Amino acid sequence: MRASVLRDGRMVYRDDVPDPVPEPGQVLVGVRACGICGSDLHFAAHGADVVAMTAKVARGTGGMDVDLGRDIFMGHEFSAEVLAAGPDTETHKPGTLVTSLPVLLSAKGVEPIVYSNSTIGGYAERMLLSAPLLLPIPNGLDLKHAALTEPMAVGLHAVNKSNIAVNETALVLGCGPIGIAIVAALRARGVETIVASDFSPKRRELAAAMGAHQTLDAGQGSPFDSVKPAVVFEAVGVPGIIDDVLLRARPGTRLVVAGVCMQPDTVHPFFAIAKEISVQFVLAYTPDEFADSLRALAEGEIDVTPLITGEVGLDGVGQAFDDLADPERHCKILVTP
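Procedures and definitions
- Residues numbered from 1 in each chain as written.
- Predicted model: local features only at pLDDT ≥ 70, side-chain atom pairs only at ≥ 80, totals over all residues.
- Heavy atoms only, no water.
- Helix = DSSP H or I, 4+ residues; strand = E, 2+ residues; numbered from the N terminus.
- Rg over C-alpha atoms; globule rule 2.2 N^0.38 Å.
- Buried < 20%, exposed > 50% of the residue type's maximum accessible area, 1.4 Å probe, protein only.
- Phe/Tyr/Trp six-rings, centres within 6.5 Å; stacked < 30°, edge-to-face > 60°.
- Expected span 1.5 Å × (residues − 1).
- Domains from an automatic or database assignment.
- Contact = heavy atoms within 4.5 Å.
- Buried area = accessible area lost by both parts, 1.4 Å probe.
- Salt bridge = Lys/Arg side-chain N within 4 Å of Asp/Glu carboxyl O.
- Axes fitted to C-alpha atoms, helices over the stretch in contact; angles between N-to-C directions.
- Parallel < 35°, antiparallel > 145°, perpendicular 65-115°, else oblique.
- Left-handed = near helix turned anticlockwise from the far one by under 90°.
- Pairing = 2+ DSSP bridges.
- UniProt positions renumbered as here; feature names shortened; annotations may be inferred.
- Core = buried A, V, L, I, M, F, W, Y, C linked by side-chain atoms within 4.5 Å.

As annotated in an unreviewed UniProt entry, the protein carries the name Alcohol dehydrogenase and comes from Mycobacterium palustre.

See the structure below:
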């Protein structure tokens, strides 16, 4: 079958990938749409760093079992159609449209569908999913929109962790896909004052379209000069941002860190101590938040139409990775096999 794989830091089109065969408890699905995630771009450019740092976090338990010298399958934001079930597996009938947590349960254990030499992801014609984790896509929801359930769940998780009240002011730093997902979740929750900051005019436009009440040009000075937020969401992920927030935020601020910074960073704890600032780091989402994200899309609480700025086939994934480097051109490109 056809797929796009990571090889030597570049996405390469293949038409000779063996079809995956479902085991008991698994289903074979046809991928209908898969979003390109910023974490995939980062892995393509800095895979060795990601593997090394994941191994440190895993503390000798194996870490990320990926051979960077072999082809790597990716793609974890997807919608799909059930094609067939594995042996002795009860599941939705063929033709059912589904999405799922990006996790495959197998005889080997739990296999994240993220970066793997063997577990095929959404940048392919077909892939395997776990029958117990399937979520049917509600009738009427665009399959391309359903593919964004996963990144929207990341934003929802960050907002849930913040415990923000509707009358508190939120400041979102960085309007890439995760920052935008946070804005959307804040708006869906009914937060009355949402401010978003970014250098990119295009991204500020998207933030406004997704629910920000005010946008600020990060190139025109600190957003803290214009707004005094109760909760700050950091969705940039570069060194220096956290320390700057600790310095500029008002006493009692809650800082939620969603941006993934892979480099060493330096902070002055005194800034946070002196103002009793709470710092919460967040990652991914819970199964309930994933389901809530799908429901919000299906019921029209969140409209992701503005985020989808491009669409490519499997043979165009490599170019799409390059194009996503320009924030003025794209936010989310979908792969439609």
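Chemist: Just to check I follow, could you spell out the overall build of the protein for this structure?
Modeler: Each helix and strand counted, the protein has nine helices and 17 strands in total. Since a compact globule built from 337 residues should have a radius of gyration of about 20 Å, the 20 Å found for the protein is in line with a globular shape. Across its three principal axes, the protein shows a C-alpha extent of roughly 60 × 45 × 35 Å. In the protein, buried positions account for 51% of the 337 residues.

Chemist: What exactly am I supposed to notice about unusual backbone geometry here?
Modeler: With the exception of glycine, most residues fall at negative phi, and the peptide bonds are largely trans. Positioned with a positive phi, Asp88 is a non-glycine residue whose angle comes to about 55°. The topology assignment puts Asp88 in the loop between β4 (77–85) and β5 (97–100).

Chemist: Looking at this structure, I do not really get the packing of aromatic side chains. What am I missing?
Modeler: Geometry of an aromatic ring pair is reported as the spacing of the ring centres plus the angle between the planes. Applying the stated criterion to the full structure yields three aromatic pairs. Residues Phe43 and Tyr115 carry aromatic rings whose centres are separated by 4.0 Å and whose planes lie at 10° to one another, so their mutual orientation is stacked. In this pair, Phe43 is assigned in helix α1 (residues 38–58) and Tyr115 in the loop between β7 (109–112) and β8 (126–130), connecting sequence segments 72 residues apart. Considered together, Phe43 and Tyr115 belong to a single accessibility category, that of buried residues. When the centroid spacing of 5.7 Å and the interplanar angle of 45° are considered together, the rings of Tyr285 and Phe290 count as tilted. Exposure class is identical for Tyr285 and Phe290. Each is buried.

Chemist: Even after reading the chapter, I still don't get helix α3 (residues 149–162), so can you show me in this structure?
Modeler: Since the α-helix packs 3.6 residues into each turn, any two residues three or four apart lie on the same face. When the terminal C-alpha atoms of α3 are compared, their 20 Å separation across 14 residues agrees well with the 20 Å that a helix rising 1.5 Å per residue should span. Counting buried residues along α3, 12 of its 14 residues qualify, which places the element largely inside the surrounding structure. The complete set of buried residues in α3 reads Thr149, Glu150, Pro151, Met152, Ala153, Val154, Gly155, Leu156, His157, Ala158, Val159 and Ser162. Positioned one or two residues after α3, Asn163 has a phi angle of 55°, which is positive.

Chemist: Can you help me understand the domain arrangement of the protein in this one?
Modeler: Where interface size is quoted, it is often the accessible area lost as the parts come together. In terms of domains, the protein is made up of domain 1 (3–136 + 304–335) and domain 2 (151–281). Of note, the centres of domain 1 and domain 2, computed from C-alpha atoms alone, are 28 Å apart. Domain 1 puts 12 residues into the contact, and the matching count from domain 2 is 12 residues. Between domain 1 and domain 2 the total buried area reaches about 1200 Å² when both faces are included, carbon and sulfur atoms providing 76% of it. Taken together, the links from domain 1 to domain 2 amount to zero salt bridges.

Chemist: I tried to follow the packing of α3 against helix α8 (residues 287–298) on my own but got confused; where do I start?
Modeler: Think of two packed helices as two axes; the pair is described by the angle between the axes and how far apart they sit. At a minimum axis distance of 8 Å, the contact between α3 and α8 shows a crossing angle of 115°. Our classification of the angle between α3 and α8 gives roughly perpendicular. Of the two possible hands of crossing, α3 and α8 adopt the one that is right-handed. Contacts between α3 and α8 involve Thr149, Glu150, Met152, Ala153, Leu156, His157 and Asn160 on the former and, on the latter, Glu289, Phe290, Asp292, Ser293, Leu294 and Leu297.

Chemist: Help me understand the sheet that holds strand β14 (residues 254–257) in this model?
Modeler: Taking strand neighbours across the sheet as the criterion, the six strands line up as β12-β11-β10-β13-β14-β15 in an open arrangement whose pairing is parallel. This sheet does not close on itself; its edge strands, each paired only once, are β12 (214–217) and β15 (278–281). Averaged over neighbouring strand pairs, the angle between their axes works out to 20° when direction is ignored. Here strand β10 (residues 169–173) runs beside strand β11 (residues 193–198); their pairing, made up of five bridges, is parallel.

Chemist: How do you make sense of the pattern of salt bridges when you look at a structure like this?
Modeler: It is possible for side chains bearing opposite charge to pair when their charged atoms get close. In the structure shown here, the tally under the stated rule is 15 salt bridges. When the shortest N-O distance is used, the salt bridge between Arg2 and Glu125 registers 3.5 Å. Here the residue Arg2 occupies a position in the segment before β1 (3–7), and Glu125 occupies one in the loop between β7 and β8, the gap between them amounting to 123 residues. For the salt bridge of Asp244 with Arg248, the shortest nitrogen-to-oxygen distance reads 2.8 Å. Within this pair, Asp244 and its partner Arg248 are both found in helix α6 (residues 241–248), separated by four residues, close to a single helical turn.

Chemist: Explain the UniProt feature "domain: Alcohol dehydrogenase-like C-terminal" (unreviewed entry) in the protein here, please?
Modeler: On the UniProt side, "domain: Alcohol dehydrogenase-like C-terminal" (unreviewed entry) is annotated at positions that read residues 177–298 here. Summarising residues 177–298: 40% helix, 18% strand, and an end-to-end C-alpha distance of 19 Å.

Chemist: Looking at this model, I keep getting lost on the nonpolar core. Mind explaining?
Modeler: In summary, soluble globular proteins display a tendency toward joint burial of nonpolar side chains. Core analysis: the largest hydrophobic core is formed by 44 residues, its most contacted members being Ile36, Phe43, Met74 and Leu129. The set of elements that each furnish at least two residues to this core consists of β1, β3 (26–35), α1, β4, β8, α9 (317–323) and β17 (332–335). Here the element with the most residues in this core is β3; it accounts for five residues. If we skip the residues at most four places from it in the chain, Leu129 touches Gly25, Gln26, Val27, Val29, Phe78, Val98, Ser100, Leu104, Ile113 and Leu134.

Chemist: Could you clarify how one ought to interpret the pairing of β4 in this entry?
Modeler: Remember that side chains alternate between the two faces of the sheet whenever the strand is regular. Inspection of the sheet shows β3 paired to β4 by eight bridges, in the antiparallel sense. Note on β4: the bridge partner recorded for Cys34 is Phe78. Across two bridges, the pairing between β4 and β5 is antiparallel. By the bridge assignment for β5, Ala80 is matched with Val98.

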